[in-house]
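# Structure at a glance
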Amino acid sequence: MKTTIVVVDNLSTNKSSYTQAVDLLTKGELVAFPTETVYGLGAIATCEEAVAKIFEAKGRPQDNPLIVHIGSKEEIKAFTHDIPKLAEMCMDMFWPGPLTLILPLKTDTLAKNVTAGLQTVGVRIPEHTVALELLRLLKQPVAAPSANKSGKPSPTKAAHVYHDLEGKIPLILDGGTTGIGLESTVIDFVSEIPTILRPGGVTKEMLEKVIGQVREAKPTDHEEAPRAPGMKYAHYAPDSPVYLIEASIVKLQEAVEKIHSEQKKVAIIASESFNQVKVDYFFSLGKKNELNDAAHLLYQALRDCDETDVDIILVPVLSTEGVGTAIMNRLEKASNGKWYIG
Ligand code: AMP
Ligand code: MG
């Protein structure tokens, strides 16, 4: 299959590209499109065959459910029921935006493989012109996980999607680099106390201001069933191993020297404040303490490592304030919790 990339921004100048995307989706094909978080790989959520192509193209385990994307709030009534009041409040406050709500699923509405057989569904309205135009033209729910090969960092550029899925999907809508750069926050409204299954751009503090007490799921909470990404499977991992390390220039320089003495090459992914460390490759996460920039740059940096001959990747830990929680969550997965101890 030939994979076409078309540049899109607004509907009036790119009408034929949107029509092509809508036609492909309606026919049961896959289309990758930008959202404000990362690029998504979409299929019509009511069509089991179309959704099966997502798992096939990504090499995604079948028991890992997909997030359903819609263009307007009214659409959720078709496939959810008994929406809690607190969930309604979150939708009103954060949609369109990077917040996925887990809600009770109305049976026999969506294709079974979307929810991996669960009685719940994850849903959100993305805040991105291209995604919204597409969803509003289509007027149907679209199942869309991140448009990367399973296990790899999520794509923040059309080129990343092409790199991972070339030959496997017909169309990529190129809307430039995505804004946030990390996937949506996933919050479960089926559990008694609303529970964050995956941290993201909408933080616990932001949620608590609107709905009061919110829990954070521990990675061990759901070992038997992967209720949120990375809870069971490897995620966000470059080819070479990632190690976390204390955020100290001295510690980093010592680690690099030790690794060099073993004839190995090393990369550092860190804020510019660490760029004086003498290392083989340095991938910047922006200015010190600018966590939004770090979120925006993280997946590109992890992917950049795969373009080098590096043996080990070191990442000094970041603050867990605000979006830092989400960044460190992804780095814990990328490193599989490993710390460099020399
Ligand atoms: P991805 O699109 O790759 O970022 O993955 C979407 C993630 O959303 C999945 O891995 C799930 O963990 C989460 N998710 C989607 N639907 C549900 C659901 N019904 N219950 C719990 N988590 C879900
Ligand atoms: Mg993903």
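Here goes a summary of the coordinates provided. All values derive from a computational prediction rather than experimental measurement.

A few words now on the packing of aromatic side chains. According to the stated counting rule, one finds 2 aromatic pairs in the structure shown. Where Tyr236 meets Tyr299, the ring centres are 5.6 Å apart and the plane angle is 15°; that geometry is what we call stacked. Taken together, the residues span a long stretch of sequence, with Tyr236 in the loop between β11 (215-216) and β12 (242-245) and Tyr299 in helix α8 (residues 291-305) at a distance of 63 residues. By relative accessible area, Tyr236 is classed as buried at 1%. Centroid distance Tyr243 to Tyr340: 6.0 Å. Interplanar angle 90°. Geometry classified as edge-to-face. Note that Tyr243 is positioned in strand β12 and Tyr340 in the segment after α9 (324-335), a separation of 97 residues in sequence. One Lys or Arg, Lys338, reaches over the ring of Tyr243 and ends 5.1 Å from the middle of that ring.

We now examine the pattern of salt bridges. Using the criterion set out here, one finds 13 salt bridges in the structure. The closest approach of N and O atoms between Lys73 and Glu88, which form a salt bridge, is 2.9 Å. Residue Lys73 is found in the loop between β4 (67-69) and α3 (85-94), and its partner Glu88 is found in helix α3; the two are separated by 15 residues along the sequence. Owing to a relative accessible area of 27%, Lys73 belongs among the partly exposed residues under this scheme. By relative accessible area, Glu88 is classed as partly exposed at 26%. The salt bridge partner of Lys152 is Asp239, with a shortest N-O separation of 2.8 Å. Of the two residues, Lys152 is situated in the loop between β7 (142-143) and α5 (158-165) and Asp239 in the loop between β11 and β12; the sequence distance between them amounts to 87 residues. It is possible to trace a salt-bridge network through shared partners that takes in Lys73, Glu88 and Asp92.

With 12 residues, α9 ought to run about 16 Å at 1.5 Å a step, and its terminal C-alpha atoms sit 16 Å apart, in line with that. For α9, the buried fraction is high: 10 of the 12 residues fall into the buried class. The complete set of buried residues in α9 reads Gly324, Ala326, Ile327, Met328, Asn329, Arg330, Leu331, Lys333, Ala334 and Ser335. Where α9 is buried, its residues meet β10 (195-198), β12, α8 and β15 (312-316). Note on α9: the residue one or two positions beyond its end, Asn336, has a positive phi of about 55°.

Let us now look at the pairing of β10. As paired elements, strand β9 (residues 185-188) and β10 share 3 bridges and run antiparallel to each other. Across the sheet, residue Ile187 finds its bridge partner in β10, namely Ile196. In this antiparallel pair of consecutive strands, β9 and β10, the connection spans 6 residues. Where the polypeptide runs from β10 across helix α6 (residues 204-211) and back to β11, its parallel neighbour, the crossover connection is right-handed.

Let us now look at unusual backbone geometry. Trans peptide bonds make up the majority, and among non-glycine residues the majority have a negative phi. In this chain, Trp95 is followed by Pro96 through a cis amide linkage whose omega measures -10°. Its location among the elements puts Pro96 in the loop between α3 and β5 (99-104). Phi at Asp82 is positive, roughly 50°, even though this residue is not glycine. Along the chain, Asp82 falls in the loop between β4 and α3. Its identity is not glycine, yet Asn336 carries a phi of approximately 55°, on the positive side. One can find Asn336 in the segment after α9. Accessibility expressed as a relative area gives 67% for Asn336, which makes it exposed.

Here we come to the side chain of Gln253. Secondary-structure assignment places Gln253 in helix α7 (residues 249-261). Residues within four places of Gln253 in sequence aside, it is in contact with Gln276, Val277 and Lys278.

With that settled, the discussion passes to the sheet that holds β4. Sheet architecture is open: 11 strands sit in the order β1-β8-β2-β3-β7-β4-β6-β5-β9-β10-β11, paired in mixed fashion. Bordering the open sheet on either side are β1 (4-7) and β11, each of which pairs with just one other strand. The pairing of β5 with strand β6 (residues 120-124) spans 4 bridges and is antiparallel. Within β6, the residue paired with Ile102 across the bridge is Gly122.

Rules behind the numbers
Residues numbered from 1 in each chain as written. Chains lettered and ligands numbered in written order. Predicted model: local features only at pLDDT ≥ 70, side-chain atom pairs only at ≥ 80, totals over all residues. Heavy atoms only, no water. Phe/Tyr/Trp six-rings, centres within 6.5 Å; stacked < 30°, edge-to-face > 60°. Helix = DSSP H or I, 4+ residues; strand = E, 2+ residues; numbered from the N terminus. Buried < 20%, exposed > 50% of the residue type's maximum accessible area, 1.4 Å probe, protein only. Lys NZ or Arg CZ within 6 Å of the ring centre and 35° of its normal. Salt bridge = Lys/Arg side-chain N within 4 Å of Asp/Glu carboxyl O. Expected span 1.5 Å × (residues − 1). Contact = heavy atoms within 4.5 Å. Pairing = 2+ DSSP bridges. Right-handed = clockwise from strand over helix to strand, strands pointing away.

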